Structure formats: structure tokens, C-alpha cells
Amino acid sequence: MAGDSHPSYGKIYIWLLVLFVISVAGPEIAEIAGMEGASRVILVLTTAFGIALVKAYMVLAYFMHLKFEKIYAPYILLACTSLLFVFFFGTATDVMKPEGHNWNKDFDESAVKTEAVERVERAKKIFAGELDPHAEDDHGDHDH
């Protein structure tokens, strides 16, 4: 490790800023140019996600010092990332299905929406000064 010299963090930071500007400018250029269809999708995805991957690599390699670590550090990172994907794809299908062999996902979406609407309406009244915030407090588990 004595032979490895660390790069200038200032230069890497400037590169990250330049890549950030490009990733933000890509979708804006597509909008200004009036691009449609596949060409727009390719430009936006390349500038947004492609450059994000390059920036992530630079952060991992230089700021997290993985480029200068012993050889086993990237293998540990790869193993952890692989396990993350195994866990995600192993559970995603169960989470997304509303029913299974031994269970049902009983979820009343309309009740949640109704409660959310009521909370928004109550918040509007409180901010307008029409309602005391503690007047209709149904949460008796804390002191005021």
C-alpha cells in the first residue's frame, strides 16, 4: 500500500460536480429539444442512471478508499450486494401478491385513504386557526 498514491480529492470532487451537472442537464436537454420516444428515454436514462453509477464508483473507489484496500474488500462488497438482491427478489413476489397459500393480505385501502383525508382536513383547519390542535386529540398516550 506504500506504493499507492492517493489522488487529489479536490479533483475528484470537481469531477463529481461536473457529472452531477451533466446528469441534471440530460433530462432538461431532452425537454428543450422536444425529444420523444426511445431517443428521449435513452438520453434521460443514460444521463440519470448511467452517470449515477459512475459517480457511485468514484465515491466507493476514492472517498471510501476501496480502490486502495486489500483485495478481499471488493469481494465482501460483492457478497453483500448479492445477498441483498437474493433477499429482495426472494421476498418481492410474496409482498406484491395479495394472497398466497397460507395467508391473505387483508388491507382496506379505502379506510386508509379516508383517514388520510380526515387528517389533511383537520390540519388545514388548525393552520387556518379554525381549530384548536388539542381540541379533538384522540391520542391519549402523551401529555401536553
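Here, the structure is the one placed above.
Residues numbered from 1 in each chain as written. Predicted model: local features only at pLDDT ≥ 70, side-chain atom pairs only at ≥ 80, totals over all residues. Heavy atoms only, no water.

1. Thoughts on the nonpolar core
Put simply, the test is: Nine residue types can take part in a nonpolar core, namely buried Ala, Val, Leu, Ile, Met, Phe, Trp, Tyr and Cys, and a core is a set of them joined through side-chain atoms within 4.5 Å. The cut-offs for exposure are 20% and 50% of the maximum accessible area for each residue type, with area from a 1.4 Å probe on protein chains only; residues under the lower value are buried, those over the upper are exposed, and the others partly exposed. Think of it this way: any DSSP run of H or I at least four residues long counts as a helix, any run of E at least two long counts as a strand, and we number them from the N terminus.
By size, the foremost hydrophobic cluster in this structure holds 7 residues: Ile12, Leu16, Leu19, Ile51, Met58, Ala61 and Tyr62. If you list the elements that add at least two residues to this core, you get helix H1 (9-33) and helix H2 (37-63). Top element by residues in this core is H2. It accounts for 4 residues.

2. Overview of the packing of aromatic side chains
In this description, a pair of aromatic rings is defined by centroid distance and the angle of the planes. Operational definition: For Phe, Tyr and Trp, rings pair up if their centres lie within 6.5 Å, where Trp contributes its six-membered ring, and each pair is then called stacked (planes under 30 degrees apart), edge-to-face (over 60) or tilted (otherwise).
Here the structure, examined in full by the defined rule, presents 2 aromatic pairs. With a centroid separation of 6.1 Å and an interplanar angle of 10°, the aromatic rings of Phe85 and Phe89 are classed as stacked. You can see Phe85 and its partner Phe89 sitting in helix H3 (residues 72-96), 4 residues apart, about one turn around the helix. By relative accessible area, Phe85 is classed as partly exposed at 47%. When the centroid spacing of 5.0 Å and the interplanar angle of 80° are considered together, the rings of Phe88 and Phe89 count as edge-to-face.

3. Some thoughts on the side chain of Thr47
For clarity, the threshold we go by: Contacts described as polar in this section are N or O atom pairs within 3.5 Å, which, within protein, must combine one atom able to donate a hydrogen with one able to accept it, while residues neighboring in sequence count only if both atoms come from side chains. Contact definition: two residues touch when any of their heavy atoms are within 4.5 Å.
Of note, Thr47 is situated in helix H2. A distance of 2.8 Å separates a polar atom in the side chain of Thr47 from the backbone oxygen of Leu43. A polar contact of 3.2 Å, which involves the side chain of Thr47, links it to the backbone oxygen of Val44. Discounting chain neighbours no more than four positions away, the residues touching Thr47 are Ile22, Ser23, Gly26 and Pro27.

4. Considerations on a nonpolar patch on the surface
Our working rule: Patch criteria: residues need more than 30% relative accessible area and no salt bridge. Like-charged residues are merged within 9 Å; nonpolar side chains of Val, Leu, Ile, Met, Phe, Trp and Tyr are merged within 5 Å. Residue burial considers only the protein chains on display, and all accessible areas are found by Shrake-Rupley using a 1.4 Å probe. Should a side-chain nitrogen of Lys or Arg be within 4 Å of a carboxyl oxygen of Asp or Glu, the pair is scored as a salt bridge.
On the surface, a cluster of nonpolar side chains totalling about 910 Å² of accessible area is made up of Tyr9, Tyr13, Ile14, Trp15, Leu17, Val18, Ile22, Val59, Phe63 and Met64. Of all the secondary-structure elements, those providing two or more residues to the nonpolar patch are H1 and H2. Ranked by residue count, the leading element in the nonpolar patch is H1, at 7 residues. Position of Tyr13 among the secondary structure elements: in helix H1. Looking at Tyr13, the relative accessible area reads 47%, which means it is partly exposed.

5. As for the side chain of Ser23
Inspection of the secondary structure puts Ser23 in helix H1. Beyond its immediate chain neighbours, meaning those up to four positions away, Ser23 contacts Thr47, Ala48, Ile51 and Lys55.

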